[in-house]
Amino acid sequence: SGLCGSDTLFLFSNPPPAMGGIVFSYEWTGPNGFTSNLENPIIPNVDSDNAGSYTVRITGITGCSSIGVVEVAIKDRPLTPEINGTNDLCVTDDIVLQSSLTPSGTLVNYRWYRGQLGSGELIATTDSPILSIPGPHDAGISDYYLELEVDGCISKASPPLSVRTSQVPLPLAEQTLITVCEGE
């Protein structure tokens, strides 16, 4: 099985059907000193320390027992990225967002969002740590955040970066024709 850091591991003993009220006892052991007497234990917020072999011994009231082993692979959750970029731009400028994180992995995707943290709109997925959003943009303030996906595991969202885009100032001349005489 394959899990990511912070996932929940559900272990199942899969005993045979209980005939005539036969009751079973369970003895689980595993990595990192794990033990349990539950039929189907749950381990929340796993990380790579929880990866390895889990063994269950199921014993019936007759004394007959059986042992099962399951291998559990757990990849660490990617580090939480940060977004760097310019906070104040003109509506005609490109918004350039970047992350300094370049994790190693077979499949690395940068998921770029605009909006409120956790409920924003996915605006792009790239395989590089940079995103350029060409102008023009609406004037106002927009929040951007980033998640990293590395080999199927997704990081926590970055802290948001607020970008303010402002209208380009237009110069206005008070008079269209100005006459200046020499000596004045």
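Provided above is the structure to which this section pertains.
Calculation notes
- Residues numbered from 1 in each chain as written.
- Predicted model: local features only at pLDDT ≥ 70, side-chain atom pairs only at ≥ 80, totals over all residues.
- Heavy atoms only, no water.
- Helix = DSSP H or I, 4+ residues; strand = E, 2+ residues; numbered from the N terminus.
- Buried < 20%, exposed > 50% of the residue type's maximum accessible area, 1.4 Å probe, protein only.
- Contact = heavy atoms within 4.5 Å.
- Areas by Shrake-Rupley, 256 points an atom, 1.4 Å probe, with all protein chains shown as cover.
- Polar contact = N/O pair within 3.5 Å; in protein donor to acceptor, adjacent residues only side chain to side chain.
- Core = buried A, V, L, I, M, F, W, Y, C linked by side-chain atoms within 4.5 Å.
- Phe/Tyr/Trp six-rings, centres within 6.5 Å; stacked < 30°, edge-to-face > 60°.
- Salt bridge = Lys/Arg side-chain N within 4 Å of Asp/Glu carboxyl O.
- Pairing = 2+ DSSP bridges.
- Axes fitted to C-alpha atoms, helices over the stretch in contact; angles between N-to-C directions.

1. Structural notes on the overall build of the protein chain
Scanning the protein chain from terminus to terminus reveals zero helices and 15 strands. In terms of overall dimensions, the protein chain has C-alpha extents of about 120 × 30 × 20 Å along its principal axes. Across the 184 residues in the protein chain, those meeting the buried criterion constitute 29%. Contacts in the protein chain between residues at least 24 apart in sequence constitute 60% of all its contacts with a sequence separation of at least 6. When the accessible surface of the protein chain is summed, it comes to about 11,700 Å², and 52% of that surface belongs to carbon and sulfur atoms.

2. So, the side chain of Ser99
Turning to its location among the elements, Ser99 is positioned in the loop between strand 9 (95-98) and strand 10 (108-114). With a relative accessible area of 8%, Ser99 lands in the buried category. At 3.4 Å, the side chain of Ser99 and the backbone oxygen of Glu82 are in polar contact. The residues touching Ser99, leaving out its near neighbours within four places in the chain, are Pro81, Glu82, Tyr110, Trp112, Pro129 and Leu146.

3. Considerations on the nonpolar core
In this structure, Ile83, Ile95, Leu97, Trp112 and Tyr144 are the most contacted members of the largest nonpolar core, which totals 16 residues. Of the residues forming this core, the biggest block, four residues, is contributed by strand 13 (residues 140-150). Counting 13 residues, the second-largest nonpolar core is a separate cluster that includes Leu9, Leu11, Val46 and Ile74.

4. A short note on the packing of aromatic side chains
Aromatic ring pairs are described here by two measures, namely the spacing of the ring centres and the angle between the planes. Scanning the entire structure with this criterion turns up three aromatic pairs. Each ring, one from Phe34 and one from Tyr54, has its centre 5.6 Å from the other, and the planes form 65°; the classification is edge-to-face. In this pair, Phe34 sits in strand 4 (residues 34-36) while Tyr54 sits in strand 6 (residues 52-60), placing the two residues 20 residues apart along the sequence. When sorted by exposure, Phe34 lands in the same class as Tyr54, which is buried. A ring pair is formed by Tyr110 and Trp112, whose centres lie 6.4 Å apart and whose planes are at 20°; its orientation type is stacked. According to the relative accessible area criterion, Tyr110 is buried, its value standing at 2%.

5. Looking at the pattern of salt bridges
One pass over the full model with this rule turns up two salt bridges. The partner of Arg111 in a salt bridge is Glu149, and the shortest N-O contact between them spans 2.9 Å. Of this pair, Arg111 sits in strand 10 while Glu149 sits in strand 13; the two residues are 38 residues apart in sequence, bridging distant segments of the chain. The exposure class assigned to Glu149 is buried, which follows from its relative accessible area of 14%.

6. Structural notes on the pairing of strand 11 (residues 121-126)
Bridging between strand 10 and strand 11 involves five bridges; their strand directions are antiparallel. Looking across to strand 11, one finds that Tyr110 is bridged to Thr126. Between the end of strand 10 and the start of strand 11, which pair antiparallel, lie six residues, with Gly115 showing a positive phi angle near 125°.

7. Description of the sheet that holds strand 7 (residues 65-75)
The sheet built from five strands is open, its strands ordered 1-7-6-3-4 with mixed pairing. The sheet is open, and its two edges are formed by strand 1 (2-4) and strand 4, each paired on a single side. Adjacent strand axes in the sheet meet at a mean angle of 25° when their direction is disregarded.

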